[in-house]
Structure formats: C-alpha cells, structure tokens
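Examination of the molecular architecture
Single-letter residue listing:
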There are 2 protein chains.
Amino acid sequence: MQALWLENNQISLRELAPPQKAHEALIKIRKAGICSTDLEMVKGYYPYTGILGHEFVGEVMDAPDKNWIGARVVGEINAVCGACEACLNGRPTHCENRTVLGIVNRDGVFAEYTSLPLANLHRVPDSVPDEMAVFTEPLAAALEIQAQIQVKSTDRVLVVGAGRLGQLIAQTLSLTGCDLHVVARHTLQKNLLSARGIRITSEEEIQPGKWDIVVEVTGSPDGFNLARKAIRPRGTLVLKSTYKGDMTVNFSSIVVDEINIIGSRCGPFEPALNLLEKREVDPTVLIAEEFSLKDALKAFEKAAQPGVLKVLVGIQ
Amino acid sequence: MQALWLENNQISLRELAPPQKAHEALIKIRKAGICSTDLEMVKGYYPYTGILGHEFVGEVMDAPDKNWIGARVVGEINAVCGACEACLNGRPTHCENRTVLGIVNRDGVFAEYTSLPLANLHRVPDSVPDEMAVFTEPLAAALEIQAQIQVKSTDRVLVVGAGRLGQLIAQTLSLTGCDLHVVARHTLQKNLLSARGIRITSEEEIQPGKWDIVVEVTGSPDGFNLARKAIRPRGTLVLKSTYKGDMTVNFSSIVVDEINIIGSRCGPFEPALNLLEKREVDPTVLIAEEFSLKDALKAFEKAAQPGVLKVLVGIQ
C-alpha cells in the first residue's frame, strides 16, 4: 500500500505492506486530516519514525469481532495496555505502555490502511459525512476541556489562538452560553468565528486579570504570556498546545494569584460524535483543501502555510 | 510604642506612635510569629517599608463596635475594599485594592499595637492558648489547600518540604487519612513528623509519576522539579511557596500529562481555630524559641538559621 513515511525529519511516499495484526481491526482509510502535531513532527519535535497521521475516518475491513466489518469508524489514538496503574484507574489516555497512532510506536493513517484495537473504534452515525467525521479526534480534544473543568454559563472565557484547534474549541465553548471572546489574527479565522456569532478581540483590548477561564492554544510563549496576563486571581488557565523547549515563567505571581493551570490533551470521542450528529458544531468550515494520498507532500506544504486551517488527505 | 521597622532591607527597632484609625480595631499584640515571608522581605524580595509581621494573637483595646473590646483575637491579613470585582465575587483575599498586614501598605505586628478592620478579626476560643493561637494564620494557609482541592482519603499525597509551613500542611493533610509522605531533610523536621505518625521519605525513594497530589512548599526550583517528577498524569501539583525570580519549566510535558498546577496562598481562619480548639493539630511543637520585642533582631537571626522552625516574639 502507499503510505506517507516520516524518518529523520523527512516525509516521503513509500510502498509498504498493509498492517497485519490479527488481534486488531484492519481499517481502510477514507479521509485523514493534517494537524499541527503532524507539522511539528516533521520539524523533528518528536522522535518518531513510521507512517504519520492520526486524524481519520475509515472502514473496517477485517476484525477479531466480525460484527465490525464494514463499519465506518473513527479511532482513538492511544492504544493502551489495560493493566497499568493509569489504565486501572480510569485514565487510559495516560497508559504507561501506550502506543499512539502516528505519534508513538504505531503506524498512522496517511496510508491506504491502518490498524487499531477494536476498543479504540467508534462507529460514525450515518448522517455524519466523512468530511465531518475526520474532525472527531481534534473535536474530542476540544471537548477534553469540559471533561476536565466546569465552564459555567456565567464565566468570562478567553481563547487565545484561533487556528485549527482554537476554532473547534471556540465552537464547543460557545455552546455553553458563556461570555466567550477569541483572540484571532488572520482574516479567515475572524470570519469563521464571526459567522457563528463568536466575539473576536485583539491583544490590545484584553482586560488584564479579568477572565475566569483562559484557553491557550497558540503553543507560543507570547500566547502563554498573554493568557497569563488575562486570567483573574483564582482563574483557570487551560493549556491546549505543547511548547517548543522550556518556558520561563514567574511562578510567584501564580502562587499569589492562586492561578490554576491545567494541561489538556486527548478527549472523549462520543460527545464529539454527538455534537457532529446534531450539527451543533461545523468543523467543515475549516477545510482549506483536500489532496489525494499521492499528493500528500503538497498537502503538507499547504498545511504549513500561515493562516491555512485544515488540509485533508482523501485516500479511498 | 516600640516596633520593628523594615526599610531598605534593614530591620531596626523604632519608637513610633501607636496606630490611630477610628474605623478599625486597635489591637495590643500578645505574641507574634516570624514566617519565611518575613525573612524574605528582609532580604528585599518585596518592596515594603513599614512595621514588619503578620502572624499574631492580641487583645482588642478599642474598636468601632465596643462589644469587641477585651476580646482575644487573631486577624486575617488582607484588609479589603468590599467593592471591587474580586470582593463582590467571593474572593476577598484577592481584593484589587487590598492592603496586607506587614506586607503591603499596612503596618504589621512586630510592635506593641497594630490595627485592623473588625471584619478581619476572629475571637480565639478560651481553651486555645496564645502560643497556639499565634499559628492561626499559617495554619489557615495550610488549610487553604483543602479549600481549593479535594484531598481524597484514597489519595497518595506527597509534601515536598518540612519547614514551618510544611509541618502544618503535613499535620492537616494527615487528618484526611490519605496516604501521606513528606520529604524532610533536617532531623528535627523528621522527628516532629514521626511523632505524629507521618511517614517520611527521601528524594531518592520517591516513585516518579505516582503521586495523586504533590504539595511543593520549599520555594526552590529543586523542590519544584522534584514535585513535578513525582506527580502522576492528571495529578494536582499545589504550589504553597513563592519562588525567587522566574523559573524555567517544560510545559509541553505538563500538557501531555494533563497536570493541574494550582497556586495556594492565604486560607480560612475559622477551620484553623476549630482544629486548634479540638487539638487535632499541634503547632506548638514547631516553637524553637521566644524572644521579647526588644530582642526582635536576635529573634530574626535565630529564625534565619537552617532547620529552625518557629520563632515567636512575645510582646505583652
């Protein structure tokens, strides 16, 4: 099969054997999405060699449980042991022995086929088209915020960053009725938010120390500093992006202001599919362009351009 | 009156007029305690000029409400406006216009008299002697942890640091029944903990990534790094100490592990007085020595010695 291989900061198309794991589902990929993590991995931020990609919708071709064959599915990216302390205590996404689809020791989805344990799969409702379903993973990551902290309808909430993930976070937080503002830079980012009635703010307009919840989704020290400035004493600062290298931060002020900082990563798939089925969110507005797998390198070039949101790879 | 004055990183005894604020209580200080913040202020970590000290027990000599006269009291250190957003939203310790006893724009308690608004005062139960009551403020700070986060009886909890505040935190957390371990260095620190059946651990023994809650109370980057290493994914890291200058931290791992970091400062006085009254905690074991006010400089020298816990200043 054709697959996009990452090795030594280089991606290239290769002809590889399809995965063969008798205890896992064999999945034919229909569409896959390029996310910021993929772009960072190509830059070498994570030590990974293998097939890239972790956002997908596909069809089960074979499985240990034959009831799954033919199902259109999305898949959670952490494949877990079920036996470690994290797994046994209800934190499977933190499994100590996990492999992660297209990220850690597990071939990903920019390929004709991938494989995952059945426990990772979720059936996609018929009414949810592929171009929506392919956003289930990042939408779940957005919803992780509300799995971790309570967002009250009365909260003033600021989202710093309006890129791929920031847009999905803004769409989901907007459903709480909270007083939501988003710091956006690019015109397209602003237009997409405005179209959903989400308020946009600029860095200059942000009142310091006034926001109950701030979600930092730029992954840059500037974004972090802006978010830190905006949060009120005893407020909650949610970090949704990883940062290149270490960051230098004044922790004394975090102690004095009793700030709550919480890291946030992978989220729950079922609520994401629910929201897609009910059309409460619309991730398809993020789609910039779709490329075929043979043009995957062009797809990555496109996705790396400033202001470009989601680039899809349509595979079969 | 005699008072310990801080100016330009120098403390000295001065003869000053007693405070005269008609709308506040005039309090005769009975005993005051030296805390790490006082020592840091002398080192110049905070820009403050005035009478130092914020831990005290005293007697009300005059007050706008005469019912308070003669009452033996302790006092919350934040004097607040009652009108700002923080005050109106139930966060008075974060009042935007606050003065702080012996710390920010308000003369403190290493003096014969101090003054505070009546709203700051709490009557000390008769059964609680002065040498216990003087610990109400730091004990309240210890209890702030349990005002902010839930400490479950089933949690594995690590306290990093067993100095003045660390001892009080350990005593209060021990009451939850949780699996509590404390990193202590000095023999006296260890002996005090052991005497209460609290388990001691060394840095080398700490299992990384296994602790549900870690309380960092050293105020040093080494302590922070140890605490960060110890906390499990989705665990809660409570910061009880301020840090000199900025700290360089890997936030990506905090995001990936979904760590919750929470700053913690001043706490609730009534629960502290309750625990003292019921003798559920015993802060008096921390007392190293008591000096008279005229020997306050010696008291500060003593308090600055490594391994010395609480030094009191007995005033009247």
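Note that the structure is a prediction, hence the values are computed from the model and not measured.

What follows deals with the overall build of chain A. Looking only at helices and strands, chain A has 10 helices and 19 strands in total. In terms of overall dimensions, chain A has a C-alpha envelope of 55 × 45 × 40 Å along the principal axes. By residue count, 57% of the 316 residues in chain A fall in the buried class. Expressed as a percentage of contacts within chain A between residues at least 6 apart in sequence, the contacts between residues at least 24 apart total 67%.

A few words now on the packing of aromatic side chains. Where two aromatic rings form a pair, the distance of their centres and the angle of their planes describe that pair. As enumerated under the stated definition, the model contains 9 aromatic pairs over all chains in all. Pairing F110 of chain A with F300 of chain A gives two aromatic rings, centres 5.6 Å apart and planes at 85°, and the pair type is edge-to-face. With F110 of chain A in the loop between β8 (99-100) and β9 (113-116) and F300 of chain A in helix α10 (residues 296-303), the pair connects residues that are 190 residues apart, well separated along the chain. For the pair F110 of chain A and F300 of chain A, a shared accessibility class is recorded, and that class is buried. A network of ring pairs unites the aromatic residues F224, Y243 and F251 of chain A together with F224, Y243 and F251 of chain B as a single cluster.

Below, the discussion takes up the sheet that holds strand β4 (residues 50-51) of chain B. Residue and element names in this part refer to chain B. Here 3 strands make up an open sheet; going across it, the order is β2-β1-β4 and the pairing antiparallel. On the outer flanks of this sheet lie β2 (10-15) and β4, each paired with one strand and no other. Alignment of strand β1 (residues 2-7) against β4, held across 2 bridges, turns out to be antiparallel. Residue pairing for β4: W5 is matched across the bridge by I51.

In this section: the relation of the copies chain A and chain B. By a simple turn and slide, chain A fits onto chain B: the slide is 0.0 Å along the axis, the RMSD is 0.0 Å, and the turn is 180°. Read as a symmetry element, the transformation amounts to a two-fold axis. Closest to the rotation axis within chain A is the C-alpha of T248 of chain A, separated from it by 2.1 Å. A high fraction, 100%, of the interface residues of chain A reappear at the interface in chain B, so the copies pair face to face through one surface.

All names here are of chain A. Its identity is not glycine, yet N9 carries a phi of approximately 65°, on the positive side. Along the chain, N9 turns up in the loop between β1 (2-7) and β2 (10-15). Although it is not a glycine, R279 adopts a positive phi angle of roughly 60°. Positionally, R279 belongs in the loop between α9 (269-277) and β18 (287-292).

Take the domain arrangement of chain A next. Residue and element names in this part refer to chain A. We note that the domain assignment places domain 1 (2-123 + 282-314) and domain 2 (141-263) within chain A. Distance between the C-alpha centres of domain 1 and domain 2: 27 Å. At the junction of the two partners, domain 1 supplies 17 residues and domain 2 supplies 12 residues. Buried surface at the junction of domain 1 and domain 2, both sides included, amounts to about 1100 Å², of which 58% is carbon and sulfur. At the surface where domain 1 touches domain 2, the tally comes to 0 salt bridges. If one sorts the elements of the side of domain 1 that touches domain 2 by residue count, helix α1 (residues 36-42) sits on top with 3 residues. Tallied by class, residues from the side of domain 1 that touches domain 2 come to 12 nonpolar, 2 polar and 3 charged.

Cut-offs applied
Residues numbered from 1 in each chain as written. Chains lettered and ligands numbered in written order. Predicted model: local features only at pLDDT ≥ 70, side-chain atom pairs only at ≥ 80, totals over all residues. Heavy atoms only, no water. Helix = DSSP H or I, 4+ residues; strand = E, 2+ residues; numbered from the N terminus. Buried < 20%, exposed > 50% of the residue type's maximum accessible area, 1.4 Å probe, protein only. Contact = heavy atoms within 4.5 Å. Phe/Tyr/Trp six-rings, centres within 6.5 Å; stacked < 30°, edge-to-face > 60°. Pairing = 2+ DSSP bridges. Least-squares fit on C-alpha atoms with pLDDT ≥ 70 in both. Domains from an automatic or database assignment. Buried area = accessible area lost by both parts, 1.4 Å probe. Salt bridge = Lys/Arg side-chain N within 4 Å of Asp/Glu carboxyl O. Nonpolar A, V, L, I, M, F, W, Y, C, P; charged D, E, K, R; others polar.

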